[in-house]
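Architecture at a glance
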Amino acid sequence: MTYDHWIGGTSVPGSGTRLGDVFDPALGAVRRLVRLGTAADVDAAVRVARAAAGSWAQTSVTARSRIMFAFRELLVRHEDELAVVISSEHGKTLDDARGEVVRGREVVEFACGIPQLLKGAFSDQVSRGVDSHSFRQPLGVVAGITPFNFPVMVPLWMHPLAIACGNAFVLKPSERVPGASDLVARLYQRAGLPDGVFNVVHGDKVAVDALLSHPGVDAVSFVGSTPIARYVHAAASRAGKRVQALGGAKNHAVVMPDADLEFAADHIVAAGYGSAGQRCMAISAVVAVGSVADDLVERIRERTLRIAVGPGGADGVEMGPVVTAAARDRIAGAVERGAKDGATVVVDGRDLVVAGHEDGFFIGPTLLDHVSPSMDAYRDEIFGPVLTVLRVPTLDAAIELINANPYGNGTAVFTSSGHVAREFERRVEVGMIGVNVPVPVPMAFHSFGGWKQSLFGDHHIHGPEGVAFYTRAKVVTTRWPQVRREVERAPLAFPTVS
Ligand code: NAD
């Protein structure tokens with residue numbers, strides 16, 4: 001079966017002939033095919049979205065909110081179905097897939113409050129007989145371009161808010177995990193969203209480039225790797241579009257000597273190997289401060305060896321395969337280079353074979369100790385189940401290490417000291433910080449975003465910054481003079497308050 005585009009409320013094959021393979025990573029076999037959209041397909045979707053955007057923006061804010069409530073209910077009802085599609089194309093476990101649907105749904109719940117979120121401000125009597133009010137209006141057509149690792153949650157960071165704000169949306173999901181977006185499109189239709197307000201164009205660079213240059217696209221939300229985020233930000237900005245582009249990460253967990261080591265080790269293992277390390281907020285660098293290193297590494301090793309690896313859909317499995325054979329080979333190469341550069345391979349997942357799934361894209365959890373900041377194993381975003389341990393003498397040295405890293409997505413500190421936690425959160429140059437919380441993904445009513453090369457653009461995603469990104473402001477200054485017989489002359493000088 002082939003995944004078609006979804007344009008104007010119906011499935012369409014589009015004009016192209018190129019198809020992409022969609023794998024089941026646990027089997028290492030092609031599961032389905034996906035259309036790889038052309039510039040003409042993008043043009044068709046953007047035209048339909050533009051046509052729908054006008055009347056959608058005129059739909060009352062309460063009606064838009066009610067559609068979000070209905071969509072939210074459908075997401076609850078179809079949670080298992082979505083999780084199965086995610087797991088079979090991405091490889092993550094069913095529990096993990098359900099978790100991403102729930103976290104994405106929270107953005108829909110936030111968007112249900114759109115009447116409150118779009119309430120403007122009013123200032124009475126800013127001058128004698130003059131009032132001011134401000135309000136926000138939608139941009140028109142928003143494009144979303146998303147990565148493979150959260151096929152449902154990351155698109156949900158974007159489209160519910162963009163649509164609730166009154167925009168039409170064109171989603172270009174990752175070509176590696178296209179299935180869930182089709183289901184989401186159908187749920188929107190069942191929730192009562194007018195056809196054309198939500199569209200999906202599948203594809204690769206060709207479709208992305210067509211969106212970035214299309215004059216009918218007003219804004220672009222992108223999430224993916226840093227090189228592509230940088231490219232998307234530059235290309236969309238050049239084309240005069242509003243753009244936010246979230247990039248890659250290298251997330252550090254600092255473990256202080258006063259931390260509960262058992263708690264820290266357990267949470268670091270979950271944060272490093274959950275979803276096979278393919279989360280932008282996964283912990284990849286463990287920074288052991290002072291004397292804790294040997295004890296901490298031993299505890300992480302023990303827990304790592306007990307992780308059940310297998311197909312994401314099977315009972316009892318804690319970690320599935322990675323997304324492609326190329327990803328597995330790249331991750332194995334990073335481990336090999338780390339070992340060559342002098343790191344100690346404490347747990348080696350490279351030779352793992354899962355019985356009955358010999359062709360699956362599996363690599364076991366891997367632990368590298370004695371990693372230094374100059375090694376590629378530290379510098380590269382490995383984006384796989386590899387934890388690297390760096391040893392530093394003090395909290396200051398840990399903060400210095402984090403701040404010297406080009407990424408600034410997430411970080412965490414494990415400590416029992418409020419003073420340490422406060423110093424850490426004030427001094428690290430990172431957008432999202434956890435205190436004894438290793439994966440500090442903000443809730444939907446806050447905004448999500450990293451610093452430095454983890455985000456290009458001015459706005460974080462979803463939450464209040466999402467509302468600001470998907471709308472633009474108007475300020476109106478109003479005077480209703482009483483009709484008088486003798487008209488006062490208006491002065492030509494710049495108006496000042498009186
Ligand atoms: P990716 O950058 O390869 O792909 C992201 C999107 O860009 C996809 O839709 C893809 O089709 C498109 N794309 C790929 N190459 C392109 C090119 N040359 N020109 C134009 N478009 C192109 O990312 P991925 O491998 O799918 O996802 C993993 C990456 O995403 C990791 O780096 C991870 O850290 C990052 N990520 C970041 C966040 C965040 O919030 N900062 C969240 C999730 C994932």
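Everything numeric here is computed off the predicted structure, so don't read it as measured data.

**Side note on empty space enclosed by the protein**
Applying the stated rule across the entire model yields 5 cavities of 30 Å³ or more. The space that makes up the largest cavity amounts to roughly 130 Å³. Considering only residue class, the lining of the largest cavity consists of 7 nonpolar, 5 polar and 4 charged. Approximately 60 Å³ is the volume found for the second largest cavity. Lining the second largest cavity we find W6, G9, A185, Y188, Q189, L193, P194, D195, G196, V197 and F198. Tallying contributions element by element places helix α7 (residues 179–190) first for the lining of the second largest cavity, with 3 residues.

**Some details on the packing of aromatic side chains**
The tally for this structure, following the rule as stated, stands at 8 aromatic pairs. For the ring pair F263 and F414, a centre distance of 6.2 Å and an interplane angle of 65 degrees mean the geometry is edge-to-face. Remark: F414 occurs in strand β19 (residues 410–414) and F263 occurs in helix α10 (residues 261–273); sequence separation between them is 151 residues. Taking relative accessible area as the criterion, F263 reaches 33% and is therefore assigned partly exposed.

**Some points on the nonpolar core**
Counting 67 residues, the largest nonpolar core has V254, V255, V286 and I300 as the members making the most contacts within it. Of the residues forming this core, the biggest block, 7 residues, is contributed by α10. Grouped together as the second largest cluster of nonpolar side chains are 61 residues, V142, L161, A162 and L171 included.

**A word on the sheet that holds strand β6 (residues 121–127)**
Taken together, 3 strands build an open sheet; the order of strands is β6-β7-β23 and the sheet is antiparallel. Edge positions in the sheet fall to β6 and β23 (471–479), since each of these pairs with one other strand and no more. Neighbour-to-neighbour, the strand axes of this sheet turn through a mean angle of 25 degrees, independent of strand direction. Relative to strand β7 (residues 130–138), β6 is paired through 4 bridges, and the arrangement is antiparallel. Bridging from a neighbouring strand, S127 pairs with V130 of β7.

**Re the domain arrangement of the protein chain**
If you check the domain split of the protein chain, you get domain 1 (2–247 + 462–478) and domain 2 (251–435). With centres defined by C-alpha atoms, the gap from domain 1 to domain 2 works out at 31 Å. Taken residue by residue, the interface counts 18 residues in domain 1 and 22 residues in domain 2. Between domain 1 and domain 2, a total of about 1600 Å² is buried, with carbon and sulfur atoms accounting for 63% of that surface. Looking only at domain 1, the three residues that lose the most surface to domain 2 are P25, A26 and T93, adding up to 27% of its buried area. In this assembly, domain 1 and domain 2 are joined by 5 residue pairs in polar contact (both at pLDDT 80 or more). Among the elements of the structure, α3 (79–90) and α4 (94–111) are those that each provide at least two residues to the side of domain 1 that touches domain 2. The element best represented in the side of domain 1 that touches domain 2 is α3, accounting for 3 residues. A class-by-class count of the residues in the side of domain 1 that touches domain 2 yields 7 nonpolar, 7 polar and 4 charged.

**Description of the site of the ligand**
Within the structure, the ligand sits among 27 residues, and K172, E175, S225, G247 and E381 are positioned closest to it. In the model, an oxygen atom of the ligand is placed 2.7 Å from a nitrogen or oxygen of the E175 side chain. Backbone polar atom of G247 to a nitrogen atom of the ligand: 2.7 Å apart, as the coordinates give it. For the ligand, whose unbound accessible area comes to 840 Å², protein coverage reaches 89%. Put simply, the parts of the chain that give the shell around the ligand at least two residues each are α8 (205–213), β11 (219–223) and α9 (226–238). Split by domain, the residues of the shell around the ligand number at least three in each of domain 1 (2–247 + 462–478) and domain 2 (251–435).

**Points about unusual backbone geometry**
Even without a glycine there, the phi angle at A276 is positive, about 55 degrees. Taking relative accessible area as the criterion, A276 reaches 1% and is therefore assigned buried. Even without being a glycine, H462 presents a positive backbone phi close to 45 degrees. As for its placement among the helices and strands, H462 is situated in the loop between β22 (455–456) and α16 (463–469). On the accessibility criterion, H462 (2% relative accessible area) is buried.

**Description of the environment of E400**
Note that E400 resides in helix α14 (residues 395–404). Expressed as a C-alpha distance, the spacing of E400 and V428, which sit 28 residues apart in the sequence, is 8.2 Å.

**Some thoughts on helix α1 (residues 39–58)**
The end-to-end C-alpha distance of α1, which contains 20 residues, comes to 29 Å, matching closely the 28 Å that a straight helix rising 1.5 Å per residue would cover. Its axis deflected by about 30 degrees at A52, α1 carries its strongest bend there. Buried within α1 we find D41, V42, A45, V46, A49, A52, A53 and W56.

About the thresholds
- Once a new chain begins, its residue numbering starts again from 1 and follows that chain's sequence as written.
- Two thresholds apply to this predicted model, a pLDDT of at least 70 for residue-level local features and 80 or more for giving and counting side-chain atom pairs, whereas whole-chain, interface and lining totals are computed over all residues.
- Side-chain metrics rest on all non-hydrogen atoms present in the structure, leaving aside hydrogens and water.
- Cavity: a set of points on a 1 Å grid over the protein atoms alone where a 1.4 Å probe fits but cannot get out. Pocket: an open set with protein on both sides within 12 Å along at least five of seven lines, its lining residues, like those of a cavity, having an atom within 4 Å of a point.
- Grid points are joined across faces, edges and corners, and a volume is the space filled by probe spheres set on the points.
- For this classification, Asp, Glu, Lys and Arg are treated as charged, while Ala, Val, Leu, Ile, Met, Phe, Trp, Tyr, Cys and Pro are nonpolar and the rest, including Gly, are polar.
- Strands are runs of DSSP state E lasting at least two residues, helices are runs of H or I lasting at least four, and both sets are numbered from the N terminus onward.
- Between 30 and 60 degrees the pair is tilted, below 30 it is stacked and above 60 it is edge-to-face, where a pair is any two Phe, Tyr or Trp rings, Trp via its six-membered ring, whose centres lie within 6.5 Å.
- Exposed residues in this analysis have more than 50% of their type's maximum accessible area, buried residues have under 20%, and partly exposed residues fall in between, with area computed by a 1.4 Å probe over protein chains only.
- Here the nonpolar core consists of buried residues drawn from Ala, Val, Leu, Ile, Met, Phe, Trp, Tyr and Cys, with membership extended through side-chain atoms lying within 4.5 Å.
- Two strands make a pair as long as DSSP finds a minimum of two bridges between them.
- Between the N-to-C directions of two axes lies an angle of 0 to 180 degrees, each axis being a line fitted to C-alpha atoms and, for a helix, fitted only over the stretch in contact.
- Each domain's extent was defined by an automatic or database domain assignment.
- It only takes one pair of heavy atoms within 4.5 Å for two residues to be counted as in contact.
- A quick way to say it: buried area is the sum, across both parts, of accessible area lost when two parts are put together, with a 1.4 Å probe.
- Two N or O atoms form a polar contact when they lie within 3.5 Å of each other; inside protein one atom must be a possible hydrogen donor and the other a possible acceptor, and for residues adjacent in sequence the pair counts only when both atoms belong to side chains.
- For each residue, the test is whether any non-hydrogen atom lies within 4 Å of the molecule or strand; if one does, the residue is near.
- Accessible surface area values rest on a Shrake-Rupley calculation with a 1.4 Å probe, where residue burial reflects the displayed protein chains alone.
- Any helix carries an expected span of 1.5 Å times its number of residues minus one.
- Two axes enter the bend calculation: one fitted to the seven residues ending at the residue in question, the other to the seven starting there, and the bend is the angle between them.

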